[in-house]
Amino acid sequence: MRYISTRGKAPALGFEDVLLTGLATDGGLYVPETMPSFSQQEIAAMSGMEYPELAFTIMKPFVDGAIPDDDFKRLIDESYATFRHKAVAPMVQLGHNEWVLELFHGPTLAFKDFALQLLGRLFDYVLKRRNERVAIMGATSGDTGSAAIEGCRSCKNIDIFILHPHNRVSDIQRRQMTSVLEDNVFNIAVEGNFDDCQNMVKQSFADQSFLPEGRRLAAVNSINWARIMAQIVYYFWAGLAVGAPEKKLAFSVPTGNFGDIFAGYLAKQMGLPIAQLVIATNKNDILHRFMSQNKYEKHELSHTLSPSMDIMISSNFERALFELGGQDAEQLNQFMVDFEAGSASISDEAFAKARELFDSCAVDDETTLETVREVFAESGYLLDPHSAIGFKAARECVRDTSIPMITLATAHPAKFADAAKAAGQKTAPALPEHMADLPTREERYSVQPHDIKVIQQYVADSLK
Ligand SMILES: *Cc1c(COP(=O)(O)O)cnc(C)c1O
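Residues numbered from 1 in each chain as written. Predicted model: local features only at pLDDT ≥ 70, side-chain atom pairs only at ≥ 80, totals over all residues. Heavy atoms only, no water.

A. Representation of the overall build of the protein. The helix and strand tally for the protein stands at 18 helices and 13 strands. For a compact globule of 464 residues, the expected C-alpha radius of gyration is about 23 Å, and the protein comes in at 21 Å, within 12% of that figure. Oriented by its inertia axes, the alpha-carbon framework of the protein measures out at about 60 × 55 × 50 Å. Taken over 464 residues, the protein has a buried fraction of 60%. Here the protein displays about 18300 Å² of accessible surface, and carbon together with sulfur accounts for 47% of that area. One way to put it: in the protein the 44 positive side-chain charges average out to a point 2 Å from where the 61 negative ones average out. (Helix = DSSP H or I, 4+ residues; strand = E, 2+ residues; numbered from the N terminus. Rg over C-alpha atoms; globule rule 2.2 N^0.38 Å. Buried < 20%, exposed > 50% of the residue type's maximum accessible area, 1.4 Å probe, protein only. Areas by Shrake-Rupley, 256 points an atom, 1.4 Å probe, with all protein chains shown as cover. Lys, Arg positive; Asp, Glu negative; His and termini not counted. Charge placed at Lys NZ, Arg CZ, Asp CG, Glu CD.)

See below:
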């Protein structure tokens, strides 16, 4: 399996290199040159598999022998053994053909654990084999940082540095990161905002000369292909649970950077009979505006009750545009030039294809809270604000009520206790048992100024 860049000017890579590379050298994102696919019979044969076995079956063609099967199986088993539900990703029915896929039973209570538990172990495995150490540098406004730290805490060949804006992440989110005390884990609280953190990380990737000879940075954000790969699995998992491949399926996905829903699009390319994919956004609705008018334009950032979807640009959307345009890198480069200049569109033909594949809906804070209240009143089920946006969008966009509609529940409601209270819950939703002592755990982090030289020096000095 070869991976190519969406911008067409970077070398094609195999799985191991694509894993260790972030952005391609031409600024593009890596995608598989051709998609593997499964026949209806092959998909039918997957029903009854436990989650790790299904994960191995779906991901094997992407790894394509770069890791021996037995080793890859072991890494998968270890990754999903950290989840606190025996089903790994349980399905809950909330109405006639209305389902919720709970993706929040991992160690940090958000769906990002599905990819990052595996990513950390994959990194560790190939680095050991190469006898190499890397530094991970990432910026977080909440969920990615804690999931990445959990995924890498026991990786012997990784030092991980996560920048978060000082005093601007929730108490629970900070503690999930800073109570991990392994000596390869470094939390940096930056005296600045999330954009400051992200810009310093970007600059550090672009010029890595602050690192000692032979050391490089690796990426944990969703531009890393391996994250997308791991997310394809649970679309098959949920589909099989409600009768695929005989039955058609619809999914609604709370969307920020377009990583999660792009995995759904790929599941469809691989043969899963997905009839509908709903892009659910909050007020930061660049994708909904694009789907409505074929205009891709940046607006100002809004802070919402669903902070993990607060983005101005959806970085993974580039991968979808590349596929919609028939893998035409020339065309995509032009699109990005137009976008930087203010506004970009795709051809009428590609736009028609996009509208056939995706529906979209933007949900504001008020409607988010209403939905949390409504669903709780209907069935006693408490959605977190991100999942509520997905659920609302599912109801708004549904095309055919005879098809099971599956909303991806991306976070545990206890992670966003304030929203739950604002939606009328009398008490904050309880943290799961294994995290109940989080508020009293010892923390370790370093407060640093918004100064890239100081941060890079801190990173260089801390490396093992
Ligand atoms: C990251 C995140 C999202 C958005 O996922 P993308 O892959 O960026 O679209 C949605 N909900 C939660 C809880 C998240 O942490």
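Okay, back to it.
B. Broad picture of the nonpolar core. Phe236 and Phe251 are the most contacted members of the largest nonpolar core, which has 116 residues in total. Leave out the neighbours within four places in its chain, and Phe251 touches Tyr235, Ala238, Gly239, Leu272, Ile274, Gln276, Leu277, Val278, Met405, Ile406 and Leu408. Of all hydrophobic cores here, the second largest spans 18 residues; its members include Val190, Cys197, Phe210 and Ile455. (Core = buried A, V, L, I, M, F, W, Y, C linked by side-chain atoms within 4.5 Å. Contact = heavy atoms within 4.5 Å.)

C. Seen up close, the side chain of Ser222. Here Ser222 shows up in the loop between strand E8 (216-218) and helix H9 (225-241). In this structure Ser222 comes out as buried when scored by relative accessible area, which is 11%. Of the polar contacts made by the side chain of Ser222, one reaches the side chain of Asn316; its length is 2.9 Å. In this structure, Ser222 is in contact with Arg227, Ile228, Asn257, Asn316 and Arg319, ignoring residues within four places of it in sequence. (Polar contact = N/O pair within 3.5 Å; in protein donor to acceptor, adjacent residues only side chain to side chain.)

D. Region of the structure containing the packing of helix H8 (residues 194-206) against helix H18 (residues 452-462). At a minimum axis separation of 11 Å, H8 and H18 run at an interaxial angle of 65 degrees. By crossing handedness, the relation of H8 to H18 is classed as right-handed. Residues Met200, Gln203 and Ser204 of H8 pack against Ile452, Ile455 and Gln456 of H18. (Axes fitted to C-alpha atoms, helices over the stretch in contact; angles between N-to-C directions. Left-handed = near helix turned anticlockwise from the far one by under 90°.)

E. Broad picture of the pairing of strand E13 (residues 446-449). What you see with E13 is a clean split: Ser446 and Gln448 sit on the buried side and Val447 and Pro449 on the side with no burial. Bridge count for strand E7 (residues 185-191) against E13 is four bridges, and the pairing is parallel. When the sheet's bridge partners are listed, Ala189 is paired in E13 with Val447. (Pairing = 2+ DSSP bridges.)

F. Expanded view of the UniProt feature "domain: Tryptophan synthase beta chain-like PALP" (unreviewed entry) in the protein. Listed under "domain: Tryptophan synthase beta chain-like PALP" (unreviewed entry) in the UniProt record, and renumbered for this structure, are residues 93-319. The distance from the first to the last C-alpha atom of residues 93-319 is 32 Å, and the span holds 39% helix and 20% strand. (UniProt positions renumbered as here; feature names shortened; annotations may be inferred.)

G. Highlighting the UniProt feature "modified residue: N6-(pyridoxal phosphate)lysine" (unreviewed entry) in the protein. When the UniProt feature table is mapped onto this chain numbering, "modified residue: N6-(pyridoxal phosphate)lysine" (unreviewed entry) sits at Lys112. With respect to the helices and strands, the residue Lys112 is situated in helix H5 (residues 112-130). Non-local contacts of Lys112, meaning those with residues more than four positions away in its chain, are made with Asp143, Thr144, Ala147 and Arg227.

H. Here's a closer look at the packing of aromatic side chains. The final tally for this structure, using the stated rule, is 25 aromatic pairs. Ring centres of Tyr235 and Phe251 lie 4.8 Å apart, and the angle between their planes is 65 degrees; on these two criteria the pair is classed as edge-to-face. Linking Tyr235 in helix H9 with Phe251 in strand E9 (residues 249-254), this pair joins segments that are 16 residues apart in sequence. Assessed through its relative accessible area of 0%, Tyr235 is described here as buried. Overall, the relative accessible area of 0% leaves Phe251 in the buried class. (Phe/Tyr/Trp six-rings, centres within 6.5 Å; stacked < 30°, edge-to-face > 60°.)

I. Structural context of the pattern of salt bridges. According to the stated counting rule, one finds 28 salt bridges in the structure shown. A salt bridge links Glu33 to Arg2; the nearest nitrogen and oxygen atoms lie 3.2 Å apart. In this pair, Glu33 sits in the loop between strand E2 (30-32) and helix H2 (40-44) while Arg2 sits in the segment before strand E1 (3-5), placing the two residues 31 residues apart along the sequence. Glu33 gets classed as partly exposed once you look at its relative accessible area, which sits at 32%. A salt bridge links Arg441 to Asp437; the shortest N-O distance between them is 2.8 Å. Since its relative accessible area comes to 28%, Arg441 is described here as partly exposed. Each of Glu16, Asp17, Arg129, Arg130, Glu132 and Arg216 takes part in one network of salt bridges that share partners. (Salt bridge = Lys/Arg side-chain N within 4 Å of Asp/Glu carboxyl O.)

J. Seen up close, the site of the ligand. Taken together, the neighbourhood of the ligand is formed by 15 residues, with Lys112, Asp143, Gly256, Asn257 and Thr410 sitting nearest. In the model, an oxygen atom of the ligand is placed 2.8 Å from a nitrogen or oxygen of the Gly256 main chain. In this structure, an oxygen atom belonging to the ligand sits 3.2 Å away from a main-chain N or O atom of Gly259. Coverage of the ligand by the protein amounts to 96% of the 390 Å² it exposes when considered alone. Counted by class, the shell around the ligand contains five nonpolar, seven polar and three charged residues. (Near = heavy atom within 4 Å. Nonpolar A, V, L, I, M, F, W, Y, C, P; charged D, E, K, R; others polar.)

K. A look at the sheet that holds strand E5 (residues 134-139). Taken together, five strands build an open sheet; the order of strands is E8-E5-E6-E7-E13 and the sheet is parallel. Of all the strands in the sheet, the pair left with one neighbour each is E8 and E13. When strand polarity is set aside, the average angle formed by the axes of neighbouring strands in this sheet is 35 degrees. Sheet strands in contact with H5 are E5, strand E6 (158-165) and E8, and its direction is about 145 degrees off that of E6. Sheet strands touched by helix H7 (residues 171-178): E6 and E7. Its angle to E6, the strand with the most contacts, is close to 160 degrees.

L. Quick peek at the state of the cysteines. Inspection of the entire model under this criterion finds zero disulfides. Free cysteine Cys152: the closest other cysteine sulfur is in Cys155, separated by 4.8 Å. A relative accessible area of 2% means that Cys152 is categorised as buried. The thiol of Cys397 is unpaired, and the distance to the nearest cysteine sulfur, on Cys361, comes to 4.8 Å. (Disulfide = S-S within 2.5 Å.)

M. Seen up close, helix H4 (residues 69-81). With 13 residues, H4 ought to run about 18 Å at 1.5 Å a step, and its terminal C-alpha atoms sit 18 Å apart, in line with that. Buried within H4 we find Phe72, Leu75, Ile76, Ser79 and Tyr80. Seen end-on, H4 carries its buried residues on one side only, within an arc spanning 120 degrees. Summarising the geometry of H4, the exposed residues directed more than 90 degrees from the buried face are Asp70 and Ala81. (Expected span 1.5 Å × (residues − 1). Arc of directions from axis to C-beta.)

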